[in-house]
Amino acid sequence: MSNIYFARFFKIIVFFMALTGVAQMPIFKRYYISDLPGLGWLADFYLTNKIHYALAAVLIFMVMYLATEYILTKRNSMKLSRCGVVRAALFALIIFTGVFRVIKNLPYVTMDPFTVMMIDWTHLVFAMLLGIVALMALIRGKSSYFEEGGNILKGKSY
Amino acid sequence: MKLKKTGISRRNFLKGLGVGSAAALLPSVAPSVVSAATSDSEELMTLLDISKCTGCGECVQGCSDVNETKYPDPIKPYPEMYPASRAKPEDWTDKRDVDDRLTPYNWLYIQTAEVEYNGESYEINIPRRCLHCQNPPCANLCPWGAAAKQKNGIVRIFENVCLGGAKCRAVCPWHIPQRQTGVGLYLRLLPKFAGNGVMYKCDRCYNRINEGKLPACVEVCPESVQTIGPRSEILAKAHELVKKNGWFIYGEDENGGTNTVYVSPVPFDILNGAVEKGAGKPGLQAVADSMADEEKLATAIAIAPFAGIAAGIIKVGRYLSSSKKENDNE
């Protein structure tokens, strides 16, 4: 897959992860969003949770692929921008806390209630922060993850 | 936490969390729980031999007496919520005495089924309350961490954290938790736009268990319908009754396994057809494991990082070998 398609696919995955993540809160039905034609599925907690899980597997695959490639070949030639560092760190934290959410949902795992709450809250807070940072980066026209040169997520040459 | 008595300040809220955390670190069951067979290493299970239940209601009254201090005590009027057509208040404060269904003020009620089976007539009474699933979807899917299972198998909703979104009720196969508007944390956050109170259900008298006492419904039952103890022992006892009497069991595998088993001389599908069902009145239908698909998808998530690293290494390998070829050609 060429880099431009990889980048677009990545963005689509992140969008649907955010959508299905927000759908875990009981708000789409309350605010009639799931009443809109084609959006009824957003009110199905089990379905949106399964989609969130499936997309998480794809996202983790893509992130690890990018990270491996970056560390092995481009770490010295391409420097992450400040906004890129923040977003990469937030992605890492979201994935980390998300994996813990998956683990705590396994039938043979029981974590103490306070730990469960902290996992849930941090996952939510980091996701909200990423949304804010990404929006700010978009508005300020600084959506590149790198200081200069190519952008691993924009499909330019390295 | 009762809003009327204490208010929910940030300090109280954090204090509540601290207490919850500390409580969670306590041994899950004190060794002196009356059932001699309790242990810290196993989840607690209850067995209900419904052939013994006469429907006297002592368990309902006992539950109410013991848990009254945990019941909601909201202050009226409740804040208006938007959109009003969807975010409707659920107010049970004027119906505190309702005992023929589950409510925020009634965590246990008795169903009755009059049935014929094998040419015999039966009147079966079934005490109903939260079954305390082994892998509870209410706790797994709460986006806010307000519900969780303790190490001793008790599934609780933390009233000082719950926003009353009622997702737990939606995802529970029996729709057990019940909502009371006008109480809880949502009043301190966005009362008009998010939340709608607190969800309530049986917490299996977790505080009494921690003190080494029996849950009230178990203790007060004059017919000894209920037995509580480590899951393996209770299951063995249930299977013994089933085998000896040719009875039927419910709860062992429902929703992937619960920590409540009912044994009955009448098959549960017949009882399910005979009991009154509806809001606050759960059925006795067969229930598949709600979280089974998530478990399978968890495997994909476990594999994903390694697959990603492998794909990255392959890509880098190809990149390096093509660079080498270009250099060789030059």
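The present account deals with the structure reproduced in this document. The model shown is predicted, which means the values in this text are computed figures rather than measured ones.

The helix and strand inventory of chain A stands at four helices and zero strands. For chain A, the sequential pattern of α-helices and β-strands runs α-α-α-α. Principal-axis analysis of the C-alpha atoms places the extent of chain A at approximately 45 × 40 × 30 Å. Expressed as a percentage of its 158 residues, the buried residues of chain A come to 42%. For chain A, contacts bridging at least 24 residues in sequence account for 67% of all contacts bridging at least 6. Counting only carbon and sulfur atoms, one obtains 72% of the accessible surface of chain A, whose full area is about 8500 Å². Of note, chain A has its 16 positive side-chain charges centred 7 Å away from the centre of its 7 negative side-chain charges.

All names here are of chain A. Running from N to C, helix H2 (residues 45–74) and helix H3 (residues 82–104) point in directions that differ by 135 degrees, and their axes come no closer than 11 Å. Put simply, H2 runs oblique to H3. Like other packed secondary-structure pairs, H2 and H3 cross with a definite hand, here left-handed. Note on element contacts: H3 touches H2 through Phe 91, Ile 95, Val 99, Arg 101 and Val 102, opposite Tyr 53, Leu 59, Ile 60 and Val 63. Residue composition of the contact of H2 with H3, by class: eight nonpolar, no polar and one charged.

If a probe the size of a water molecule is rolled over the atoms, the empty space left behind becomes visible. Empty space within the largest pocket amounts to approximately 1400 Å³. Looking at the largest pocket, it is lined by 47 residues, and the ones nearest its centre are Val 14, Met 17, Ala 18, Ala 127 and Leu 130 of chain A. With 11 residues, helix H4 (residues 113–139) of chain A is the single largest residue contributor to the lining of the largest pocket. Class assignment for the residues of the lining of the largest pocket results in 30 nonpolar, 11 polar and six charged. Here the second largest pocket defines a volume of roughly 970 Å³. If one sorts the elements of the lining of the second largest pocket by residue count, helix H5 (residues 167–171) of chain B sits on top with four residues. Classifying every residue of the lining of the second largest pocket by side-chain character gives 28 nonpolar, four polar and eight charged.

What counts, and where the lines are drawn
Residues numbered from 1 in each chain as written. Chains lettered and ligands numbered in written order. Predicted model: local features only at pLDDT ≥ 70, side-chain atom pairs only at ≥ 80, totals over all residues. Heavy atoms only, no water. Helix = DSSP H or I, 4+ residues; strand = E, 2+ residues; numbered from the N terminus. Buried < 20%, exposed > 50% of the residue type's maximum accessible area, 1.4 Å probe, protein only. Contact = heavy atoms within 4.5 Å. Areas by Shrake-Rupley, 256 points an atom, 1.4 Å probe, with all protein chains shown as cover. Lys, Arg positive; Asp, Glu negative; His and termini not counted. Charge placed at Lys NZ, Arg CZ, Asp CG, Glu CD. Axes fitted to C-alpha atoms, helices over the stretch in contact; angles between N-to-C directions. Parallel < 35°, antiparallel > 145°, perpendicular 65-115°, else oblique. Left-handed = near helix turned anticlockwise from the far one by under 90°. Nonpolar A, V, L, I, M, F, W, Y, C, P; charged D, E, K, R; others polar. 1 Å grid on protein atoms, 1.4 Å probe; cavity = no way out; pocket = protein on both sides within 12 Å on 5 of 7 lines; lining within 4 Å. Points joined across faces, edges and corners; volume = space filled by probe spheres on them.

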